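A look at the structure
For reference, the chains in residue letters:
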Amino acid sequence: MKSSSICISLFGLCCLCSPYGFSSDVEFEKHQIATFADGPQKVVTADIDGDGDIDILSSATGIKIWENIGNREFTRHTIVGGIGAVISVKAEDIDSDGDLDIAAACYDAQSIMWWENTGDLTFVEHVVDNSFAGAHDVYVKDINGDGSPD
């Protein structure tokens, strides 16, 4: 049985998406959106620009969004570059305004940071803490139960 699932290759990484799970009976079609590498750490999919389709968020020595412009085409947007290894990146509505912001663990910068989505793929940088030596992961959850992400 052939599936219409898509394999998106980003920096040589492949994200296999199938509603049937992973099985030897499922075939995937590869769609490569980039052919260069700069040390990828994390790849996340989410509707970052709020237009109803899935975009790709990647981290390496910075953070990039691959905007899905339709017809299996993507446009690259650099959110931040040159900050060293960004080990983890998440797309969450951190400021509870209805759009997806970006949170990251920045290993070389020893920081936990987030970028506020102000619309049109424009982001404002916020430093949560810059004393996290060896930061490897970041999560956005309501820890204290006040209804707002922490």
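Now for a look at the structure at hand. (Residues numbered from 1 in each chain as written. Predicted model: local features only at pLDDT ≥ 70, side-chain atom pairs only at ≥ 80, totals over all residues. Heavy atoms only, no water.)

Turning our attention to the nonpolar core. Membership of the largest hydrophobic core comes to 19 residues, with the highest contact counts inside it found for Ile 48, Leu 57, Ile 63, Ile 65, Ile 102, Trp 115 and Phe 123. Mapped onto this core, the elements with two or more residues apiece are β4 (42–46), β6 (62–70), β7 (73–81), β8 (86–92), β9 (101–106) and β10 (111–119). With residues near it in sequence (within four places) discarded, Trp 115 still touches Ile 63, Ile 79, Val 80, Ile 83, Asp 101, Ile 102, Ala 104, Cys 106, Phe 123, Val 124 and Glu 125. Counting 8 residues, the second largest nonpolar core, distinct from the first, contains Ile 94, Ile 112, Ala 135 and Val 140. (Core = buried A, V, L, I, M, F, W, Y, C linked by side-chain atoms within 4.5 Å. Buried < 20%, exposed > 50% of the residue type's maximum accessible area, 1.4 Å probe, protein only. Helix = DSSP H or I, 4+ residues; strand = E, 2+ residues; numbered from the N terminus. Contact = heavy atoms within 4.5 Å.)

The next subject is the sheet that holds β8. With antiparallel pairing, the 4 strands of this open sheet are ordered in space as β8-β9-β10-β11. Edge positions in the open sheet fall to β8 and β11 (122–129), since each of these has one partner strand only. Each neighbouring strand pair of the sheet contributes to a mean axis angle of 20°, computed without reference to strand direction. Where β10 and β11 come together, 7 bridges link them in antiparallel fashion. Considered in β11, the bridge of Trp 115 is made with Glu 125. (Pairing = 2+ DSSP bridges. Axes fitted to C-alpha atoms, helices over the stretch in contact; angles between N-to-C directions.)

Moving on to the packing of aromatic side chains. Counted by the stated rule, this structure contains 0 aromatic pairs. When the ring centre of Tyr 139 is taken as origin, the NZ or CZ atom of Lys 90, which lies over that ring, is 4.5 Å away. (Phe/Tyr/Trp six-rings, centres within 6.5 Å; stacked < 30°, edge-to-face > 60°. Lys NZ or Arg CZ within 6 Å of the ring centre and 35° of its normal.)

Quick look at the side chain of Ser 58 now. For Ser 58, the location among the structural elements is in strand β5 (residues 55–59). Taking the relative accessible area as the measure of exposure, Ser 58 reaches 2% and is therefore buried. Among the polar contacts made by the side chain of Ser 58, one reaches the side chain of Trp 66 at a distance of 3.3 Å. (Polar contact = N/O pair within 3.5 Å; in protein donor to acceptor, adjacent residues only side chain to side chain.)

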